[in-house]
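Structural features, examined
Below, each chain spelled out in residue letters.
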Amino acid sequence: MGRPGELPGVASLGGLGEYSLAEAQIQKAINSGNMDKLKGSYKSLDLDTDNLRLWTDDAGIRVINRILKANGFKPRSLELKESLESEINRLGTSLKHILSSIEAKNAEHALEKQDVIAMQSVVEKCNKSIAEYNSAVLKDLMTYGSGWA
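Throughout, a residue's number is its position along its own chain's written sequence, starting from 1. Predicted model: local features are reported for residues with pLDDT of at least 70 only, side-chain atom pairs are reported and counted for 80 or more only, and whole-chain, interface and lining totals are derived from all residues. With hydrogens and water excluded, all non-hydrogen atoms of the structure serve as input to the side-chain values.

**A word on the overall build of the chain**
- Helix numbering and strand numbering both begin at the N terminus, where a helix is a DSSP run of H or I of at least 4 residues and a strand a DSSP run of E of at least 2. Along its length, the chain carries 6 helices and 0 strands.
- N-terminal to C-terminal, the α/β element order of the chain is α-α-α-α-α-α.
- Residue exposure (1.4 Å probe, protein chains only): buried if accessible area is under 20% of the type maximum, exposed if over 50%, otherwise partly exposed. Here the chain holds 149 residues, and 17% of them are scored as buried.
- Within the chain, contacts between residues at least 6 apart in sequence are counted, and of these 63% link residues at least 24 apart. Residue contacts are counted whenever heavy atoms from the two residues lie within 4.5 Å of one another.

Pasting the structure below:
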């Protein structure tokens with residue numbers, strides 16, 4: 001046993017005051033099996049991203065963002081993200097069509113095909129959408145903070 005007035009297990013945890021006391025109580029509960037019967041034991045945590053940002057974002061901005069989201073507002077970057085995803089899907093579809101229709105045996109001949117030339121406009125539009133999206137993300141980050149709901 002330890003000194004008079006010392007709780008069992010506290011000294012063995014390094015004597016860090018309240019921290020050791022809490023650790024001793026947790027360890028005691030684990031050893032006695034009290035922790036095995038807790039609701040949700042051995043299940044993964046459902047992490048709410050809003051709570052994870054609690055200490056990094058301004059509270060006022062978080063409230064404003066929740067109100068805006070509840071009223072159907074979307075930042076420009078989220079609107080552009082949806083259109084960008086459709087552009088990328090369109091580009092993928094065009095590429096699949098070209099690859100399936102090419103009968104050429106070498107790359108030089110394939111590049112002369114009309115489909116490949118027409119796809120350049122799809123690629124250019126996709127690149128323009130990516131640049132616009134990246135710009136909007138930076139603007140939205142400055143306007144709404146990192147805690148958009």
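**A closer look at the pattern of salt bridges**
- Only one rule defines a salt bridge in this text: a Lys or Arg side-chain nitrogen within 4 Å of an Asp or Glu carboxyl oxygen. Inspection of every chain in the model, using the stated rule, returns 5 salt bridges.
- Across the salt bridge formed by Arg76 and Glu79, the nearest N and O atoms sit 3.6 Å from each other. With Arg76 and Glu79 both in helix α4 (residues 76-101) and 3 residues apart, this pair spans about one turn of that helix.
- Residues Lys125 and Glu87 are paired through a salt bridge, measuring 3.5 Å at the closest nitrogen-oxygen approach. Highlighted residues: Lys125 in helix α6 (residues 114-144) and Glu87 in helix α4, separated in sequence by 38 residues.
- Accessibility expressed as a relative area gives 43% for Lys125, which makes it partly exposed.

**Some details on helix α3 (residues 59-70)**
- In this analysis, the expected span of each helix is defined as 1.5 Å times one less than the number of residues it contains. Over its 12 residues, α3 runs 17 Å from end to end, which matches the ideal 16 Å to within 8%, given 1.5 Å per residue.
- Just past α3, the residue Gly72 takes up positive phi, approximately 85°.

**Observations regarding the side chain of Ser129**
- Counting through the fold element by element, Ser129 comes out in helix α6.
- Residue Ser129 is classed as buried on the basis of its relative accessible area of 15%.
- With near-sequence residues (within four places) excluded, Ser129 lies in contact with Leu84 and Glu87.

**Describing a nonpolar patch on the surface**
- Judged by side-chain polarity, Ile26, Ile30, Met35 and Leu38 come together as a nonpolar surface patch covering roughly 320 Å² of accessible area.
- Position of Met35 among the secondary structure elements: in the loop between α1 (18-32) and α2 (49-52).
- Take Met35: its relative accessible area is 32%, and that puts it in the partly exposed class. Here a patch means residues that are over 30% exposed by relative accessible area and free of salt bridges, tied together within 9 Å if like-charged and within 5 Å if nonpolar (Val, Leu, Ile, Met, Phe, Trp, Tyr). Under the convention used here, a 1.4 Å probe and the Shrake-Rupley method define accessible areas, while residue burial counts only the protein chains that appear.

**Some remarks on the confidence of the model for the chain**
- Across the chain, the average pLDDT comes to 75, with 65% of residues at 70 or higher.
- pLDDT is a residue-level measure of predictor confidence that goes from 0 to 100. Model confidence for the chain, summarised as mean pLDDT per element, is weakest for α2 at 56 and strongest for α6 at 85.

**A few points about the environment of Ser135**
- Mapped onto the secondary structure, Ser135 falls in helix α6.
- Here Ser135 falls in the partly exposed class, since its relative accessible area comes to 32%.
- Expressed as a C-alpha distance, the spacing of Ser135 and Arg76, which sit 59 residues apart in the sequence, is 9.9 Å.

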